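These are the residues of each chain, in order.
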Amino acid sequence: MLNRNILSRTRVEVIFVQLQQKKMRDEEKSKEQLLKELIDLRRTVVTNDTEHRLREEYSKVKENEQKYYNLFQSSNDAIFIQDLNGRILDVNQKLLSLFGYDRSEMIAASMSDLVSATEESKYRSALESLVSDGATIFEIDLRRKNGEPFPAEVSASMFAVNGEKVVQGIVRNISERKRAEEEFRKYRKHLEAFVAQRTDQLESANKELESFAYSVSHDLRAPLRAMEGFANALLEDYAEKLDETGKDYARRVVSAAQHMDILIQDLLAYSRLSRSALKPNEVSLDSVLGEVMHQLSSDIQKIDAQIRVERPLPEVMGDHATLVQVLSNLLSNAIKFVEPGVKPKVNIRAEVVNNRVRLWVEDAGIGIAPEYHDRIFRIFERLQGMETYPGTGVGLAIVKKGLERMGGKAGVESVPGEGSKFWVELRMRGL
Amino acid sequence: MVTNNHAILLVEDDHNDVLLIKRAFQKVKIANPIIVLNDGEQAISYLAGREPFVERPLPMLVLLDLKLPRKSGHEVLEWLRQQQTLKRLPVVVLTASSESSDINRAYDLGANSYLVKPVTFDALVEMVKTLNLYWLILNRRAEIANG
Ligand SMILES: Nc1ncnc2c1ncn2[C@@H]1O[C@H](COP(=O)(O)OP(=O)(O)O)[C@@H](O)[C@H]1O
Ligand SMILES: [Mg+2]
């Protein structure tokens, strides 16, 4: 049996709670409306309910309320509710542990307790923009009970309770993020400094290399001129005083000096290719070849070489001076590597494959065994003795490096005894 | 001051090169006298007619090395091109360097020609032959008053 007193108290409470919820839900309703609803509600209660139903509803409401409050309290986010004057109305557990206050201290705290002194105006302007926009997110330095500051991100929204506007805010400690950002900034600065330093080093290394190349061209060649020149003078001015062996020695001095000079020039050309930046532009292979033929004209005449060019040759994207070096090396090889006594025959032609131009330099010379096709493009790699075929072994290295620098390729097809077909490939003009 | 002279001024510090160049001139049978100076400072003093070169004959051609003691060939050239009429003197750079920076700078400063010393003596003789034909025989000279 139920006590009537309890029952009536329960009824009133239910009505009150329901009313509260209504109020929360619909804050704009006027007091008259609320009064009307109160009357309606009471009528319903008085006329319809049974004891059983009332008990059920009461516990349900209690349960609901508890559920939401628990959610608020146990939320992983630190949440506060405050009025527009900055007075705190309610906070959850997480917020308390974030600031290090207990509940009553927190409710009593003023804004200057919680916000770093320098940040107060920032907080005020955030509240202002909250009033005009309804919601805002801002970063601010907050302060714990022990005075320790921490960076936070506050996302605040505004709503009304009983016609009065309140602020609900979620506070996130962003120390970790700030630290990561700071770390990142430091790292980037470090990286920038590192890159700058490396660039400096490379630049000075480049300068050093340049001055090295300079002194090579100047200083190393001077004694060579002397060797060659005076050995020559011996041969001419003292010819009667030298026997054949003496003359042979003097001739060897001359030819060794000449060889070393060519070697130095080739190495200089090679190192220049490695360090100078090439900007590819439109180059006519016809004009490149014209220049090369002119350069080699005395050699070509001397050995009576036959050179056929299938004109017109196309235009390619490349660097004129580099292409002259490349073709001059290919052509001088083509007329050099023939059986002794054989007149060199060379054919030069171009084909276009997939917007790329392949220029072929084909000879009928001694040919190259397939196992050496890669190797000969490396610097100083030669397949014959200096006596039969003089050279430095730098020519094809220049060809390869030059093509690399122009974004092209080079290669060879050859069978020993059946001549060699060297090719270089470049982008077609205008592509 | 002798103005209409046939001398050639060779500014060259390498004694081997001086010998070889003189020998090449002999081979080509060039009769013009060769005056040799071994550094850039001397070259400027000579051309300016300062002590000890007050009585110097003005050359008809300067053969100028670039890498010289005291003052570089570039500096000599720069100075020369700032002189009153002396600046008309033809200067042929004769050097070991084939670096484009050296070549460009020489022309910027007013060189008339730029030759790279060849290593082989035969090539040097060929070069001197052409030099003789062009600069000493064909080329017309400007009037040069005393600088
Ligand atoms: N057209 C060719 N025919 C046969 N062999 C060649 C030809 N071109 C190059 N080679 C081989 O490749 C080697 C490397 O060539 P290269 O780098 O130009 O050096 P070099 O011409 O100074 O010997 C040559 O010594 C030769 O053995
Ligand atoms: Mg070669």
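Described in the following lines is the structure provided in the data block.

Definitions and cut-offs
- Residue indices begin from 1 for each chain and proceed along its sequence in written order.
- Starting at A for chains and at 1 for ligands, labels are handed out in the order in which the entities are written.
- Given that this is a predicted model, residues contribute local features only at a pLDDT of at least 70 and side-chain atom pairs are listed and counted only at 80 or more, while totals for whole chains, interfaces and linings are drawn from all residues.
- Processing note: side-chain calculations cover all non-hydrogen atoms of the structure and skip hydrogens and water entirely.
- Strands are treated as partners if at least two bridges between them are detected by DSSP.
- Per the convention used, a helix needs a DSSP run of H or I reaching at least four residues, while a strand needs a run of E reaching at least two, with both numbered from the N terminus.
- A fitted line through C-alpha atoms serves as each axis, taken over the contacting stretch for helices, and the angle formed by two N-to-C directions is quoted from 0 to 180°.
- Contacts: residue pairs with any heavy atoms within 4.5 Å of one another.
- Only buried residues count toward a nonpolar core, which is a set of Ala, Val, Leu, Ile, Met, Phe, Trp, Tyr and Cys residues joined through side-chain atoms within 4.5 Å.
- Each residue's exposure class comes from its accessible area (1.4 Å probe, protein chains only) as a fraction of the maximum for that residue type: buried when under 20%, exposed when over 50%, partly exposed otherwise.

1. Brief notes about the sheet that holds strand S9 (residues 345-353) of chain A
Residue and element names in this part refer to chain A.
Right, so step 1: Taken in spatial order, the five strands line up as S7-S9-S10-S12-S11 in an open sheet, and their pairing is mixed. Taken across any chain shown, the strands that pair with only one partner, and hence form the sheet edges, are strand S7 (306-309) and strand S11 (409-414). Sheet twist, expressed as the average angle between the axes of neighbouring strands with direction ignored, equals 20 degrees.
Right, so step 2: Taken together, the eight bridges between S9 and strand S10 (residues 356-363) define a ladder with antiparallel strand orientation. Looking at S10, one finds that Asn347 is bridged to Glu362.
Right, so step 3: Across the face of the sheet, helix H12 (residues 320-336) comes into contact with S7, S9, S10 and strand S12 (420-427) while running at roughly 30 degrees to S10.
Right, so step 4: Strands in contact with helix H13 (residues 395-405) are S11 and S12; relative to S12, the strand with the most contacts, it is inclined by about 20 degrees.

2. Focus on the nonpolar core
Residues and elements named next belong to chain A.
Right, so step 1: In this structure, Leu330 and Ile348 are the most contacted members of the largest nonpolar core, which totals 37 residues.
Right, so step 2: If you list the elements that add at least two residues to this core, you get helix H10 (285-295), S7, H12, S9, S10, H13 and S12.
Right, so step 3: If you tally residues by element for this core, the top one is H12, at eight residues.
Right, so step 4: The contact partners of Leu330, leaving out residues within four places of it in the chain, are Val361, Leu396, Val399, Phe422 and Val424.

3. Let's talk about the pairing of strand S1 (residues 78-83) of chain A
Within a regular beta strand, the side chains point alternately toward one face of the sheet and then the other, so they alternate between its two faces.
All names here are of chain A.
Right, so step 1: Burial runs high along S1: six of the six residues are buried.
Right, so step 2: With six bridges connecting them, S1 and strand S5 (residues 164-173) associate as antiparallel partners. In the strand pairing of S5, Phe80 is matched with Gly169.
Right, so step 3: Note: S1 against strand S2 (residues 88-91), three bridges, orientation antiparallel. Bridging from a neighbouring strand, Ile81 pairs with Asp90 of S2.
Right, so step 4: Between the end of S1 and the start of S2, which pair antiparallel, lie four residues, with Gly86 showing a positive phi angle near 95 degrees.

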